[in-house]
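Residue-level listing of the chains:
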Amino acid sequence: MADRLKHGTKYPQVETLPKGAQLLSAYKDVIGVKNAATVCVKYDRYLNGTSKTKPDYKIVNFQGMNFAVPL
């Protein structure tokens, strides 16, 4: 994860927002969790290898805000 932090965010920065992207605060309702941090934790655990359940979204950073992009 440390290599993902070199640009000030642990999620990849994108120049244009991908189609279907939603703010984490809105996407939490889509997947049925209580807060946006849970969306990040689920994604991070998969990337770190502590969870084998692959989320059906990826997280990207666009203009300083994190968005979930359904796969």
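Heads up: the structure comes first, above all this text.
Rules and cut-offs
Residues numbered from 1 in each chain as written. Predicted model: local features only at pLDDT ≥ 70, side-chain atom pairs only at ≥ 80, totals over all residues. Heavy atoms only, no water. Salt bridge = Lys/Arg side-chain N within 4 Å of Asp/Glu carboxyl O. Helix = DSSP H or I, 4+ residues; strand = E, 2+ residues; numbered from the N terminus. Buried < 20%, exposed > 50% of the residue type's maximum accessible area, 1.4 Å probe, protein only. Pairing = 2+ DSSP bridges.

## What to know about the pattern of salt bridges
Two side chains bearing opposite charge may form a pair once their charged atoms approach each other closely.
Move 1: Here the structure, examined in full by the defined rule, presents two salt bridges.
Move 2: A salt bridge links Lys10 to Asp44, with the nearest nitrogen and oxygen atoms 2.7 Å apart. Note that Lys10 is positioned in the segment before strand 1 (22-23) and Asp44 in helix 2 (residues 36-48), a separation of 34 residues in sequence.
Move 3: Among the residues examined, Asp44 registers a relative accessible area of 8% and is labelled buried.
Move 4: Across the pair Lys28 and Asp29 runs a salt bridge, and its minimum N-O distance is 3.0 Å.
Move 5: Residue Lys28 is classed as buried on the basis of its relative accessible area, which comes to 18%.

## Regarding the sheet that holds strand 3 (residues 65-70)
Move 1: Reading across from one edge, 1-3-2 is the order of the three strands in this open sheet, with antiparallel pairing throughout. In this open sheet, the two edge strands, each paired with only one partner strand, are strand 1 and strand 2 (57-62).
Move 2: Strand direction decides the pairing type here: strand 2 and strand 3, joined by six bridges, are antiparallel. Looking at strand 3, one finds that Lys58 is bridged to Val69.

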